[in-house]
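If you want the building blocks of each chain, they are given just below.
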Amino acid sequence: MMISQLTLNQVNPEMRQCIENCLDCHSVCLNTVFYCLEKGGKHSDTAHIRLMLDCAEICQISANFMLRGSDLHSRTCGICADICSRCAADCQSMGDDSQMTACADMCRRCAETCEQMSMAMR
């Protein structure tokens, strides 16, 4: 079931979109890690894989913080925005590759909504 189909208690549309982006980014990054490991070469560089795993993890954490209504979600979203931006740049640097471009695009969308969530609570 998609997050947009759920009835979330006290979740505004902006937060719902951020949760959805975080969960999608988590999924895309994990999927891309395995793609990169199979592809090899620069795609399987340790720092690149680590960054994608960091991105997937912080996206999951940020979504969880928002889903449970934690008053600290703006802080996790701020960190998530930074890591997603870094991951997007790193994935984009891998060249003209549709999987890497899709990952970079998803990371950028997540970074944008997480940045908005982090600023909304300050």
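Provided above is the structure to which this section pertains.
Attention here is on the structure that accompanies the text. (Residues numbered from 1 in each chain as written. Predicted model: local features only at pLDDT ≥ 70, side-chain atom pairs only at ≥ 80, totals over all residues. Heavy atoms only, no water.)

## A look at the overall build of the chain
Let me state the cut-off plainly: Per the convention used, a helix needs a DSSP run of H or I reaching at least four residues, while a strand needs a run of E reaching at least two, with both numbered from the N terminus. The contact definition used throughout considers only heavy atoms, calling two residues in contact when any of these lie within 4.5 Å. Note on areas: Shrake-Rupley with a 1.4 Å probe; residue coverage comes only from the protein chains shown.
Summing up its helical and strand segments, the chain has four helices and zero strands in all. Along the chain, helices and strands appear, N-terminal first, in the series α-α-α-α. Taking all contacts inside the chain whose residues are at least 6 apart in sequence as the whole, residues at least 24 apart take part in 66%. With an accessible surface of roughly 6,700 Å², the chain has 51% of that area assigned to carbon and sulfur atoms.

## Considerations on helix α1 (residues 13-39)
Put simply, the test is: By definition here, a helix of n residues has an expected span of 1.5 Å times n minus one. Note on exposure labels: buried denotes an accessible area under 20% of the residue type's maximum, exposed denotes more than 50%, and partly exposed covers the range between, all computed with a 1.4 Å probe on protein chains only. Side-chain atoms alone can form a polar contact between residues adjacent in sequence; in general such a contact is a pair of N or O atoms within 3.5 Å, and within protein one must be able to donate a hydrogen while the other accepts it.
Under the 1.5 Å per step criterion, the end-to-end length of α1 is 38 Å for 27 residues, consistent within 8% with the ideal 39 Å. For α1, every residue scored as buried is listed here: Met15, Cys18, Ile19, Glu20, Asn21, Cys22, Cys25, His26, Cys29, Thr32, Val33 and Cys36. Turning to α1, the residues buried within the fold contact α2 (46-67), α3 (73-92) and α4 (98-120). A distance of 3.1 Å separates the backbone nitrogen of Glu14 from a side-chain oxygen at the start of α1, and that oxygen is part of Asn12. After α1 finishes, the residue Gly40 shows a positive phi value of roughly 75°.

## Quick notes on the pattern of salt bridges
Using the following cut-off: Any carboxyl oxygen of Asp or Glu within 4 Å of a side-chain nitrogen of Lys or Arg constitutes a salt bridge here.
Across all of its chains, the model carries three salt bridges by this definition. Arg86 is the partner of Asp82 in a salt bridge, and the nearest nitrogen-oxygen pair spans 3.3 Å. Taken together, the residues span about one helical turn, with Asp82 and Arg86 both in helix α3 at a distance of four residues. The partly exposed category is assigned to Asp82, whose relative accessible area is 38%.

## Structural notes on the environment of Cys29
Structurally, the position occupied by Cys29 is in helix α1. A relative accessible area of 0% means that Cys29 is categorised as buried. For the pair Cys29 and Met100, spaced 71 residues apart in sequence, the C-alpha to C-alpha distance is 9.5 Å. Apart from residues lying up to four places away in sequence, Cys29 is in contact with Met52, Cys55, Ala56, Cys87, Cys103 and Cys107.

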